[in-house]
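# Chain and residue survey
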Amino acid sequence: MAMDFVSKLAHTMKRFSFSHYGCTPLNTPLSLGLYKNWLAAGMHGEMEYLERHLPLKEDATTWSPRARSAIVVAKNYLPHPYPSQSKFSPRTALYALGEDYHREFRAELEELAAALRFDFAKEEFLCFTDSAPVLERDLAVRAGLGWIGKNTCLIHPQKGSLFFIGEILTSLALDAPAAQIADFCGTCDRCLRACPTQAITQPRVLDARKCISYWTIEAKGTAPQELREHFGDWFFGCDICQTACPWNEKVFGKDKLAECPPADLVEDLRWVLKSSNKALEKTFASRPYSRARARGLKRNALYVIGNLKIKELRPEVESFLTQEPWAQLAEWTLQKLT
């Protein structure tokens with residue numbers, strides 16, 4: 001049965017634009033101890049849901065008593081596979097430049113699962129993206145999709161690390177590859193040295209409480225002053241530890257990883273500050289920016305305006321001096337504009 005399935009899977013995959021895939025049994029996660037230590041050290045910041053979801057991550061079969069294995073799938077996001085029709089110039093992590101991948105990628109996984117159910121009707125196939133509490137990088141390593149780099153990202157020697165990961169849990173008993181992909185980070189520490197906030201405290205340990213992506217996406221509050229001054233022009237997320245990686249340079253080339261100066265940055269930031277919360281959330285309802293909600297997007301705009309010293313937006317910033325929860329941040333931004 002397993003050999004028949006592997007053959008069928010290889011044939012079915014030709015219909016999809018996934019970059020690479022693999023299979024693995026649902027054994028105890030290899031990184032579980034490290035993950036627990038990371039949580040115990042409080043490096044997850046305000047993301048308390050990570051603690052709450054720990055039991056589900058400890059045992060993926062919690063999702064279904066029948067689940068025995070995982071099909072792990074990757075999809076490149078450079079160029080973005082789900083482009084947005086609307087343009088928005090503030091500097092954004094590459095994964096978030098298009099439509100929200102959770103919806104589109106999940107739909108593709110469901111289509112793949114439906115095709116597999118057609119030939120294996122008695123088996124179960126459950127689809128997940130990283131919005132579900134599954135230790136997906138752990139599964140991906142065991143399925144042969146790459147190694148965990150010093151920047152904590154999954155890296156493949158021919159694919160780099162700029163890809164989404166999704167899983168299909170199945171009741172089939174599937175084998176992992178005979179050998180996992182070796183760790184090719186070697187002595188390189190570019191990602192550690194490149195991080196402006198030193199969020200990668202040691203190889204493969206990222207302290208979210210220092211991370212630009214955490215403070216511009218996940219965090220509800222305002223970043224400490226000593227950190228926000230190092231955010232530069234990052235409005236939503238950050239790619240520095242990935243674009244600094246030689247494996248991504250090898251796969252994509254320096255030109256594709258380089259950011260072009262945005263032409264409409266000032267006007268777009270002005271629009272963010274002057275728009276109502278409802279208007280912002282409606283505009284970005286189908287894009288990753290919605291994760292930060294309107295309150296977070298206005299906060300992020302104040303970071304960027306201060307760090308880039310965009311004096312043209314002083315009147316808009318001043319209007320926030322009497323608005324909570326942004327008043328103190330607006331004061332900081334105005335100080336940076338002097």
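Residues numbered from 1 in each chain as written. Predicted model: local features only at pLDDT ≥ 70, side-chain atom pairs only at ≥ 80, totals over all residues. Heavy atoms only, no water.

By volume, the second largest pocket is sized at about 710 Å³. For the second largest pocket, the lining is made up of 33 residues, of which K87, F88, S89, L97 and E259 are closest to its centre. Among the elements that line the lining of the second largest pocket, the one with the most residues is helix 12 (residues 254-257), at 3 residues. Within the lining of the second largest pocket, the residues separate by chemical class into 18 nonpolar, 6 polar and 9 charged. (1 Å grid on protein atoms, 1.4 Å probe; cavity = no way out; pocket = protein on both sides within 12 Å on 5 of 7 lines; lining within 4 Å. Points joined across faces, edges and corners; volume = space filled by probe spheres on them. Helix = DSSP H or I, 4+ residues; strand = E, 2+ residues; numbered from the N terminus. Nonpolar A, V, L, I, M, F, W, Y, C, P; charged D, E, K, R; others polar.)

All right, on to helix 15 (residues 293-308) then. Taking 1.5 Å of rise per residue, the 16 residues of helix 15 would be expected to cover 22 Å, and the 23 Å separating its terminal C-alpha atoms lies within 8% of that figure. With 13 of its 16 residues buried, helix 15 lies for the most part within the structure. (Expected span 1.5 Å × (residues − 1). Buried < 20%, exposed > 50% of the residue type's maximum accessible area, 1.4 Å probe, protein only.)

What follows covers the sheet that holds strand 7 (residues 163-170). Strand order in the open sheet formed by 4 strands is 1-2-7-4, and the pairing between neighbours is antiparallel. Bordering the open sheet on either side are strand 1 (20-25) and strand 4 (125-128), each of which pairs with just one other strand. Strand-to-strand twist across the sheet, computed as the mean angle between neighbouring axes with direction ignored, equals 20 degrees. As paired elements, strand 2 (residues 69-76) and strand 7 share 8 bridges and run antiparallel to each other. If you follow I71 over to strand 7, its bridge partner there is I168. Across the sheet, helix 5 (residues 101-119) lies against strand 2, strand 4 and strand 7, angled at about 35 degrees from strand 7, the strand it touches most. (Pairing = 2+ DSSP bridges. Axes fitted to C-alpha atoms, helices over the stretch in contact; angles between N-to-C directions. Contact = heavy atoms within 4.5 Å.)

If you look at the biggest cluster of nonpolar residues, it comprises 57 residues, and the most contacted ones within it are F235, F236, L269, L297 and I305. When contributions to this core are tallied by element, the ones reaching two or more residues are helix 2 (32-40), helix 8 (212-218), strand 10 (234-236), helix 10 (240-243), helix 13 (265-274), helix 15 and helix 17 (327-337). Counting residues in hydrophobic clusters, the runner-up holds 28 residues, among them F16, L94, F120 and I168. (Core = buried A, V, L, I, M, F, W, Y, C linked by side-chain atoms within 4.5 Å.)

Throughout the structure, instances matching the rule amount to 24 aromatic pairs. Where W147 meets F184, the ring centres are 5.6 Å apart and the plane angle is 75 degrees; that geometry is what we call edge-to-face. Residue W147 is found in strand 5 (residues 147-148), and its partner F184 is found in the loop between strand 7 and helix 7 (190-194); the two are separated by 37 residues along the sequence. The exposure class of F184 is partly exposed, given its relative accessible area of 43%. Relative to W247, the ring of W147 has its centre 5.6 Å away and its plane inclined at 80 degrees; by these criteria the two rings are edge-to-face. In this pair, W147 sits in strand 5 while W247 sits in helix 11 (residues 246-252), placing the two residues 100 residues apart along the sequence. Here the aromatic cluster, defined as three or more aromatic residues joined through ring pairs, consists of F16, F18, Y77, Y95, Y101, F105 and F164. When the ring centre of W332 is taken as origin, the NZ or CZ atom of R228, which lies over that ring, is 5.1 Å away. (Phe/Tyr/Trp six-rings, centres within 6.5 Å; stacked < 30°, edge-to-face > 60°. Lys NZ or Arg CZ within 6 Å of the ring centre and 35° of its normal.)

Along the chain, I165 falls in strand 7. According to the relative accessible area criterion, I165 is buried, its value standing at 9%. Counting along the chain gives 49 residues from I165 to Y214, while the straight-line C-alpha distance between them is 19 Å.

The omega torsion of the bond from L78 to P79 falls at 0 degrees, within 30 degrees of zero and hence cis. Within the secondary structure, P79 is located in the loop between strand 2 and strand 3 (91-92). Of the consecutive residues E324 and P325, the connecting peptide bond is found in the cis state with omega at 10 degrees. Mapped onto the elements, P325 comes out in the loop between helix 16 (314-318) and helix 17.

Attention now moves to the environment of W234. As for its position among the elements, W234 is in strand 10. Between the C-alpha atom of W234 and that of R103, which follows or precedes it by 131 residues, the distance is 25 Å. Setting aside chain neighbours within four positions, we find W234 in contact with R91, T92, A93, I212, T216, D239, I240 and V304.

Interaxial distance between helix 15 and helix 17 falls to 8 Å at its minimum, and their mutual angle equals 20 degrees. On the basis of their axis angle, the class for helix 15 and helix 17 is roughly parallel. Our pair here, helix 15 against helix 17, has a crossing hand that is left-handed. Touching R299, L302, Y303, I305, G306 and N307 of helix 15 are L329, A330, W332, T333, K336 and L337, all from helix 17. Its residues placed into classes, the contact of helix 15 with helix 17 shows 7 nonpolar, 3 polar and 2 charged. (Parallel < 35°, antiparallel > 145°, perpendicular 65-115°, else oblique. Left-handed = near helix turned anticlockwise from the far one by under 90°.)

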